[in-house]
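A look at the structure
So you can see what is in the structure, the chains are spelled out below.
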Amino acid sequence: MKARDKFQELNLSNAFLFAAVMNDAEVCRLVLEILTGEPVEAVTVQSEQSILFSSDFRSVRLDVYARDCLEVEYDLEMENGGGSLPKRSRYYQSQMDVAALKPGDDVDLLGLSYVIFLCTFDPFEEGLYRYRFENICMETGNSLGDGTKKIFLNTKGRTKKDVSEELLHFLAYVENTTDECAALYNDQKLDRIHRKVKDLKVSREWRARYMKFEELLSKEREDGVNEGKLAGEKRMLSLVRAMLQDNRSNEIPLLETDEKLREELFREYHI
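So, a few notes on the structure that sits alongside this text. (Residues numbered from 1 in each chain as written. Predicted model: local features only at pLDDT ≥ 70, side-chain atom pairs only at ≥ 80, totals over all residues. Heavy atoms only, no water.)

**What about the overall build of the protein?**
A count of helices and strands for the protein gives ten helices and six strands. Each of the 271 residues in the protein was classed as buried or not, and the buried ones make up 45%. Long-range contacts, defined as pairs at least 24 residues apart, comprise 60% of the intrachain contacts of the protein with a sequence gap of at least 6. Total accessible area on the protein is roughly 14,700 Å²; 47% of this is exposed by carbon and sulfur atoms. (Helix = DSSP H or I, 4+ residues; strand = E, 2+ residues; numbered from the N terminus. Buried < 20%, exposed > 50% of the residue type's maximum accessible area, 1.4 Å probe, protein only. Contact = heavy atoms within 4.5 Å. Areas by Shrake-Rupley, 256 points an atom, 1.4 Å probe, with all protein chains shown as cover.)

**Details of the pairing of strand β6 (residues 148-154)**
Of all seven residues making up β6, six are buried, and the element is well covered by its neighbours. Both strand β5 (residues 130-133) and β6 contribute to a ladder of four bridges, which runs antiparallel. Looking at β6, one finds that Arg-132 is bridged to Ile-151. (Pairing = 2+ DSSP bridges.)

**Topic: the environment of His-169**
Inspection of the secondary structure assignment puts His-169 in helix α5 (residues 165-175). Spatially, the C-alpha atom of His-169 lies 8.8 Å from that of Leu-184, the residues being 15 residues apart in sequence. Excluding residues within four positions of it along the chain, His-169 makes contact with Tyr-185, Asp-187 and Leu-190.

**Here's the deal with the environment of Val-197**
With respect to the secondary-structure elements, Val-197 resides in helix α7 (residues 188-201). The sequence separation of Val-197 and Val-21 amounts to 176 residues, and the corresponding C-alpha distance is 6.3 Å.

**Observations concerning helix α3 (residues 25-36)**
For α3, with twelve residues, the first-to-last C-alpha span of 16 Å sits near the 16 Å given by 1.5 Å per residue. With respect to burial, α3 is a largely interior element, ten of its twelve residues being buried. Among all positions of α3, only Val-27, Cys-28, Arg-29, Leu-30, Val-31, Leu-32, Glu-33, Ile-34, Leu-35 and Thr-36 are buried. The N-terminus of α3 is capped by Asp-24, whose side-chain oxygen sits 3.1 Å from the backbone nitrogen of Glu-26. Following α3 by one or two positions, Gly-37 adopts a phi angle in the positive range, close to 75 degrees. (Expected span 1.5 Å × (residues − 1). Polar contact = N/O pair within 3.5 Å; in protein donor to acceptor, adjacent residues only side chain to side chain.)

**Let's talk about the nonpolar core**
Residues Leu-12, Met-22, Leu-32, Leu-76 and Phe-170 are the most contacted members of the largest nonpolar core, which totals 47 residues. Excluding anything up to four places from it in sequence, Phe-170 contacts Leu-12, Val-31, Ile-34, Leu-35, Leu-118, Leu-190 and Ile-193. By size, the runner-up hydrophobic cluster in this structure holds twelve residues, among which are Met-236, Met-243, Leu-244 and Phe-266. (Core = buried A, V, L, I, M, F, W, Y, C linked by side-chain atoms within 4.5 Å.)

**Remarks on the packing of α3 against α7**
To characterise two packed helices, one gives the angle between the axes of the helices and the distance between these axes. Close contact between α3 and α7 brings their axes to 10 Å; oriented N to C, the two are set at 140 degrees. As summarised for this structure, α3 and α7 are arranged oblique, according to the angle between their axes. Regarding α3 and α7, the two cross each other, and that crossing is left-handed. On the side of α3, the interface is formed by Glu-26, Val-27, Leu-30, Val-31, Glu-33 and Ile-34, while α7 contributes Lys-189, Arg-192, Ile-193 and Lys-196. Its residues assigned to classes, the contact of α3 with α7 shows five nonpolar, no polar and five charged. (Axes fitted to C-alpha atoms, helices over the stretch in contact; angles between N-to-C directions. Parallel < 35°, antiparallel > 145°, perpendicular 65-115°, else oblique. Left-handed = near helix turned anticlockwise from the far one by under 90°. Nonpolar A, V, L, I, M, F, W, Y, C, P; charged D, E, K, R; others polar.)

**So, the pairing of strand β4 (residues 113-119)**
Of all the seven residues making up β4, seven are buried; the element is thus mostly covered by neighbouring parts of the structure. Across the two faces of β4 the burial is the same, with Ser-113, Val-115, Phe-117 and Cys-119 and Tyr-114, Ile-116 and Leu-118 all buried. In this fold, the crossover linking strand β3 (residues 73-79) to β4 by way of helix α4 (residues 85-100) has right-handed handedness. Here seven bridges tie β4 to β6, and the two strands are oriented parallel to one another. From the neighbouring strand, Phe-117 faces β6, where its bridge partner is Phe-152. (Right-handed = clockwise from strand over helix to strand, strands pointing away.)

The following block contains the structure:
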């Protein structure tokens with residue numbers, strides 16, 4: 001299949017398409033409302049947000065990072081089979097908290113924050129479409145009130161209790177991102193999201209970006225060994241997205257042949 005046709009047929013579960021669509025602040029806001037079940041104010045959004053504290057320590061890259069006008073933070077991750085999600089949610093949450101405070105700031109300045117995993121598999125094998133977690137007191141059941149929330153969505157859910165129709169529509173759309181699926185539902189939010197997806201899929205610029213991204217991943221696969229293959233793909237994906245975010249798309253074609261430039265950019269973006 002040609003890369004052009006492949007791009008047209010991508011589902012929203014694809015990490016590249018997901019990040020591109022969520023880069024639209026209004027679309028991201030609508031998706032967050034659907035996933036959290038809560039009203040969300042206007043947001044600013046960054047795809048592949050990098051949080052780095054020191055070159056001596058590990059950095060973390062978030063698929064989509066958003067903050068609304070009430071200073072609520074959201075980390076939104078698309079997952080197609082990752083492991084250790086509970087521990088990763090803990091790590092991402094702590095990194096966002098540290099990044100939110102400047103030296104000398106009081107911890108009371110920490111606002112509400114969400115870590116959200118959108119999964120195309122059931123992370124806890126209980127058949128639910130949505131799993132929500134907060135810190136609570138084991139003796140009383142009362143919330144700790146620390147302002148942290150973790151949500152795991154499952155496109156393979158079976159139990160519809162306490163799940164909104166718009167969430168069910170969206171989760172179905174994630175795995176079947178087509179005109180036919182969008183047309184099944186009289187859902188204004190989903191219609192708005194689908195319009196953005198269609199705009200991207202007919203964009204020559206975004207199709208070219210995806211084709212270049214596929215070429216770079218292919219080269220990484222050829223050069224890598226089994227043990228390091230997945231790490232190399234993730235690393236190259238992070239670099240390409242970071243460069244697109246900084247409007248450096250003209251340099252991306254050089255990555256394929258210029259190994260020195262690739263390594264310099266990996267260091268520059270702390271990848």
